[in-house]
Amino acid sequence: MAETIAHDGAHRAEGRQRGPLIVTEDTELLDDLLRLCAAAGARPEVRPTLPEGRARWEAAPLVLVGDDAVPRVRGATRRRGVVLVGRDQDDPGVWRRAVEIGADHVLVLPGGEQWLVDRIADVTEGVGRPALTVGVLGGRGGAGASTLACALALASAREGRRTLLVDADPLGGGLDVLLGGETAHGLRWPAFAASRGRVGSGALEESLPALHALRVLSWDRSDAVTVPPEAVRAVLAAARRRGGTVVVDLPRRVDEGTAEVLAQVDLGLLVVPAELRAIAAARRVASAAGMVLGDLRVAVRAPYAPGLDDREVARLLGLPLAGEVPTELLAPDGSTPPGAAARGPLARFCSAFWSRALAGTEAA
């Protein structure tokens, strides 16, 4: 059980923080708290009473006070991020003791374990603004969604942002291949198939292949083509907690796994060639994706069929226009990824997209 006394907001900062401060002499409770810290990937500082001086008490990103230690911390400086931890759910006095030490939360074990693991992981990872997550999907097969997703990720990384490119289409051939990194060292989707609950964002980032100043989560060359929806949810949530930008190459079909991705996408781009059959196909894709994704825009790809332009394509689909995606010739040997030329038309399109999409968010 975890209940809020006063919502003051979590203690957050950029970069990795120290682990929490634990104050208790209850050995059984301490064993449980150390176990939960280990599950969150944190190294706590343990004290039987208040640390000497105010600095260590005030600097800890999170303070876990055992119910036995309340008399010993009663005079401490009031601060955010104090959790009173007990075991007796029926003890009415725990709320009074929480007020006495200025605790934000009261947590009763074992019911509140997952909440506490998440909270410890948040402060240890230095959770800040979540990543702006952009999903790219094709209005029809061969529309160029993977090409645009790669180019967007490269443009974001080139501008110095932490960037993760996620291949959510197991039948697409692999974005690592498109980026020229098929043999790059790192984990692929099948390695995360057993993930449940929370995945550490820092550990996720470090485990993935690094290509062209960004991280890539793609598929391997095995026969595995599915990952359980709960694993997809956990992995993408971890990617978003790391901040920066996340670009997802989406399949055209919407299954349970795709729905989990769409639920965490901030903005979707539907790539549609400017031809009538493509528009007809894209209408169905937009209808399915729009049931989960709130912000879907159309990116039109030339050449145009007679009577069509980018605005007319957007009007026929009933979607906002994100712009016209330039066509860019790729090296026949695959040595140059899409949008790699910083002054090329596709790279300029992607840079302009990020400028509009991120307007006001990076300074906030």
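Residues numbered from 1 in each chain as written. Predicted model: local features only at pLDDT ≥ 70, side-chain atom pairs only at ≥ 80, totals over all residues. Heavy atoms only, no water.

Caption draft 1: Here's a closer look at the nonpolar core. Judged by nonpolar contacts, the single largest core of 44 residues is most densely connected at Leu270 and Val272. Sorting the residues of this core by element identifies β8 (163-167), α9 (229-241), β11 (245-249), α10 (256-262), β12 (267-273), α11 (276-290), β13 (296-301) and α12 (310-317) as the ones contributing at least two each. If you tally residues by element for this core, the top one is α9, at 7 residues. The contact partners of Leu270, leaving out residues within four places of it in the chain, are Leu137, Gly138, Gly139, Ala282, Val285, Ala286, Leu296, Arg297, Val298, Ala299 and Leu319. Counting 35 residues, the second largest nonpolar core, distinct from the first, contains Ala151, Leu152, Val247 and Leu358. (Core = buried A, V, L, I, M, F, W, Y, C linked by side-chain atoms within 4.5 Å. Buried < 20%, exposed > 50% of the residue type's maximum accessible area, 1.4 Å probe, protein only. Helix = DSSP H or I, 4+ residues; strand = E, 2+ residues; numbered from the N terminus. Contact = heavy atoms within 4.5 Å.)

Caption draft 2: Region of the structure containing the environment of Val254. Along the chain, the position of Val254 falls in the loop between β11 and α10. Once the C-alpha coordinates of Val254 and Leu50 are considered, the two residues, 204 residues apart in sequence, prove to be 53 Å apart. Apart from residues lying up to four places away in sequence, Val254 is in contact with Ala259, Leu262, Ala288 and Ala289.

Caption draft 3: Main features of unusual backbone geometry. A cis amide bond links Leu109 to the next residue, Pro110, at an omega of 10°. Structurally, Pro110 can be placed in the loop between β6 (105-108) and α5 (113-125). Here Ala302 and Pro303 are connected by a cis peptide whose omega angle stands at 5°. Here Pro303 is to be found in the loop between β13 and α12. Within the chain, His212 stands out as a residue other than glycine whose phi angle is a positive 55°. You can see His212 is positioned in the loop between β9 (210-211) and β10 (214-217). Positive phi values are uncommon outside glycine, yet Ala213 reaches one of about 70°. Here Ala213 is to be found in the loop between β9 and β10.

Caption draft 4: A look at the packing of aromatic side chains. Summed over all chains, the structure comprises 2 aromatic pairs. Aromatic pair Trp189 and Trp219: ring centres 6.0 Å apart, planes at 35°, arrangement tilted. Taken together, the positions of Trp189 in the loop between α7 (175-178) and α8 (201-207) and Trp219 in the loop between β10 and α9 put the pair 30 residues apart, joining distant regions of the chain. By the burial criterion, Trp189 is buried, and Trp219 matches it. (Phe/Tyr/Trp six-rings, centres within 6.5 Å; stacked < 30°, edge-to-face > 60°.)

Just geometry here; none of it tells us what the structure is for.
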